[in-house]
2 protein chains.
Amino acid sequence: MEKQLFNFIAKYMPLSVEEKEAIIELDIFRNYKKGTVLLKEGQYSKVGYFVIKGCIRSYYVIDGEEKTTAFYTELDSFSPLCVVNNKPSEYYVACVEDSILTVANPEMEKIIFEKFPRFETLCRILSEELLAKSQASFDDFKTSSPEQRYLKLLETRPDLLQRVPQHQLASYLGMKPQSLSRIRKRLVDQHK
Amino acid sequence: MEKQLFNFIAKYMPLSVEEKEAIIELDIFRNYKKGTVLLKEGQYSKVGYFVIKGCIRSYYVIDGEEKTTAFYTELDSFSPLCVVNNKPSEYYVACVEDSILTVANPEMEKIIFEKFPRFETLCRILSEELLAKSQASFDDFKTSSPEQRYLKLLETRPDLLQRVPQHQLASYLGMKPQSLSRIRKRLVDQHK
DNA sequence: GCCAAACGTTCACTTAAGTTAACAAAAAAG
DNA sequence: CTTTTTTGTTAACTTAAGTGAACGTTTGGC
């Protein structure tokens, strides 16, 4: 279980035995059942997540409708805005599948950063990278039509189509479930 | 000129005289004329920016058309994806106005982080914050119609409408210039 | 194993954005 | 000052997504 995490980190910096032990001592691994709500609108959460296994999603409830905006799967990390800005969360976070996550808060980070300053460098690099990638996805979204976004998703995250209900994918792609259904039909029809 | 930068940083951590001097010694302040292209598609740039004064934008050229995806103004910082992933840039960056920017690369950061480790903490916190905010903007975009996005922009960054050509705003809002023009007309008409 | 809820598809209709093109206005270049 | 070039508006038409509703299917709870 820790292995996935350490393999991931090793891509950036191989860890020493002491460093690995320090992480294990933090006791950050948690199991959640499908459907578990990790964060609710209005809550002041202080924890961020790293997905070892499974899938979680963030969603807003607007006029009684769920609007899914993100999915996080294996090796993705996610720190809700409320962790950063100390305001109540505007969205929910829930498990799409049974999941194994690491769960950590800023105090735990502080402890580990003081013992091993390299970890802070790692976190800085990771979040700079995630920021640039998040902006690139946003750019992609802005410059594409709904159909192009669906095709792009097929290329880049085909697994999501198997793991996630379509109506959640629809709002993730910025459209209504009926539109996604129609687009899929259109594409199938074209191919015959 | 340095004052804007130090005031901004002071919101996160007040700097000592030595720290300020170390930054000034890096000689990172630059003046650019309106229209200057800072980064071209295909280039491997290694520099990130912080806007002291002025406005820069990033844009793609797709089928010969410019697609503007972001504007950075006073106190915004921006590190292009190519700086992070070592791949040729997929987009351009240019000055929308005469601008004063700080320009820094990872080696300069390394030097300053080694002398003052607090700076790395600052950069980590800043990029975590920017990441969470970038995701929130993306969420907003996904869950809104073109008209709602225009109205949101009026609320959150009304200055952009004065500073930036409308056809650039249009692609920033994920629509065609004609559509933005129509939306504006529709809104004016409704109000009478 | 049955029932209710959730999910996905389809359809007819509405609405809004994309497209193409013409033209006006403003800004930059000479 | 005049001429381009860039920018913005408008209009007619096309295309695709939103809406509301019906219906079939799957899923999960009991």
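Here, every reference points to the structure presented above.
Residues numbered from 1 in each chain as written. Chains lettered and ligands numbered in written order. Predicted model: local features only at pLDDT ≥ 70, side-chain atom pairs only at ≥ 80, totals over all residues. Heavy atoms only, no water.

1. A word on the interface of chain B and chain A
- At the junction of the two partners, chain B supplies 35 residues and chain A supplies 35 residues.
- At the junction of chain B with chain A, the criterion picks out four salt bridges.
- In this structure, glutamate 109 of chain A and arginine 124 of chain B form a salt bridge, with 3.8 Å as the shortest nitrogen-oxygen distance.
- Connecting chain B to chain A are 14 residue pairs in polar contact (both at pLDDT 80 or more).
- Looking at the side of chain B that touches chain A, the elements that each hand over two or more residues are β4 (55-62), β5 (65-73), α3 (81-85), α4 (106-115), α5 (118-142) and α8 (166-172) of chain B.
- For the side of chain B that touches chain A, the element with the most residues is α5 of chain B, which contributes 19 residues.
- Considered class by class, the residues forming the side of chain B that touches chain A number 16 nonpolar, ten polar and nine charged. (Contact = heavy atoms within 4.5 Å. Salt bridge = Lys/Arg side-chain N within 4 Å of Asp/Glu carboxyl O. Polar contact = N/O pair within 3.5 Å; in protein donor to acceptor, adjacent residues only side chain to side chain. Helix = DSSP H or I, 4+ residues; strand = E, 2+ residues; numbered from the N terminus. Nonpolar A, V, L, I, M, F, W, Y, C, P; charged D, E, K, R; others polar.)

2. Details of the pairing of β5 of chain B
All names here are of chain B.
- The element β5 is largely enclosed, with a buried count of seven among its nine residues.
- Looking at chain direction, β4 and β5 are connected through eight bridges and run antiparallel. The residue bridging cysteine 55 from the neighbouring strand is threonine 73, located in β5.
- Joining the antiparallel neighbours β4 and β5 is a turn of two residues, in which aspartate 63 adopts a positive phi near 55°. (Buried < 20%, exposed > 50% of the residue type's maximum accessible area, 1.4 Å probe, protein only. Pairing = 2+ DSSP bridges.)

3. Remarks on the protein's contact with DNA strand D
- Taken together, 16 residues are adjacent to DNA strand D, and Ser179, Arg182 and Arg186 of chain A together with Gln166 and His167 of chain B come closest.
- Atoms of DNA strand D within 4 Å of the protein belong to the sugar or the phosphate in 66% of instances, the rest to bases.
- Within the contact set of DNA strand D, a phosphate oxygen lies 3.2 Å away from a backbone nitrogen or oxygen of lysine 176 of chain A.
- Separating a base nitrogen of DNA strand D from a side-chain N or O atom of arginine 182 of chain A is a distance of 2.9 Å.
- Breaking the surface near DNA strand D down by element, the ones donating at least two residues are α6 (146-156) and α9 (177-190) of chain A together with α8 and α9 (177-190) of chain B. (Near = heavy atom within 4 Å.)

4. Examining the protein's contact with DNA strand C
- In the vicinity of DNA strand C lie 16 residues, with Gln166 of chain A together with Gln178, Ser179, Arg182 and Arg186 of chain B positioned nearest.
- Protein-proximal atoms of DNA strand C, defined as those within 4 Å of the protein, fall in sugar or phosphate at a share of 61%.
- Separating a phosphate oxygen of DNA strand C from a side-chain N or O atom of glutamine 166 of chain A is a distance of 2.7 Å.
- At 3.1 Å from a phosphate oxygen of DNA strand C is found a side-chain nitrogen or oxygen belonging to histidine 167 of chain A.
- Looking at the surface near DNA strand C, the elements that each hand over two or more residues are α8 (166-172) and α9 of chain A together with α6 (146-156) and α9 of chain B.
- Among the elements that line the surface near DNA strand C, the one with the most residues is α9 of chain B, at five residues.
- Its residues placed into classes, the surface near DNA strand C shows four nonpolar, six polar and six charged.

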